[in-house]
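Take a look at the letters that make up each chain.
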Amino acid sequence: MNGFILMLPLFFIRFVLLGWLNPTALKRGAHFAPMAGAQKIMYVLYQMTNVVFILFPLFLRVHGSAPRLCLEALLMC
């Protein structure tokens, strides 16, 4: 399973649920105050890290299996 699937609930909350509860909330949530000087550089850095956080899970693999502690507890019974 791709790691990106684990992020789908977060995207659902951020975009679908927020827009469903209040149509203007998406615009207000995406608004950034005007920036000047070093703030613009930090804003670009912030956006680049967001892209990395969104794209990085595409390259991860999630392996589903029961936790080892649960299996040991079942065998002791």
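As the structure is a prediction and not an experimental result, all values here were calculated from the model.

Draft legend 1. Geometry of the overall build of the chain. Within the chain one finds four helices and zero strands. Ordered by position in the sequence, the α and β elements of the chain form the string α-α-α-α. Looking at the chain alone, contacts between residues at least 24 apart form 59% of all its contacts between residues at least 6 apart. Carbon and sulfur atoms provide 76% of the accessible area of the chain, an area that totals close to 6,900 Å².

Draft legend 2. Seen up close, the environment of T49. Relative to the elements of secondary structure, T49 occurs in helix α3 (residues 38-55). The class for T49 is partly exposed, based on a relative accessible area of 33%. In terms of polar contacts, T49 uses its side chain to reach the backbone carbonyl oxygen of Y46, at 2.7 Å.

Draft legend 3. The arrangement of a nonpolar patch on the surface in detail. A grouping of I41, M42, V44, L45 and M48 is seen on the molecular surface, where their side chains present a nonpolar patch of about 500 Å² in accessible area. Here V44 lies in helix α3. Among the residues examined, V44 registers a relative accessible area of 46% and is labelled partly exposed.

Draft legend 4. Here's a closer look at the confidence of the model for the chain. Taken residue by residue, the chain gives an average pLDDT of 80. The fraction at 70 or more is 82%. The least confident element of the chain, judged by mean pLDDT, is helix α4 (residues 68-76) at 59; the most confident is α3 at 91.

Rules used throughout
Residues numbered from 1 in each chain as written. Predicted model: local features only at pLDDT ≥ 70, side-chain atom pairs only at ≥ 80, totals over all residues. Heavy atoms only, no water. Helix = DSSP H or I, 4+ residues; strand = E, 2+ residues; numbered from the N terminus. Contact = heavy atoms within 4.5 Å. Areas by Shrake-Rupley, 256 points an atom, 1.4 Å probe, with all protein chains shown as cover. Buried < 20%, exposed > 50% of the residue type's maximum accessible area, 1.4 Å probe, protein only. Polar contact = N/O pair within 3.5 Å; in protein donor to acceptor, adjacent residues only side chain to side chain. Patch = residues over 30% accessible without salt bridge, like charges linked within 9 Å, V, L, I, M, F, W, Y side chains within 5 Å. Salt bridge = Lys/Arg side-chain N within 4 Å of Asp/Glu carboxyl O. pLDDT = per-residue confidence, 0-100.

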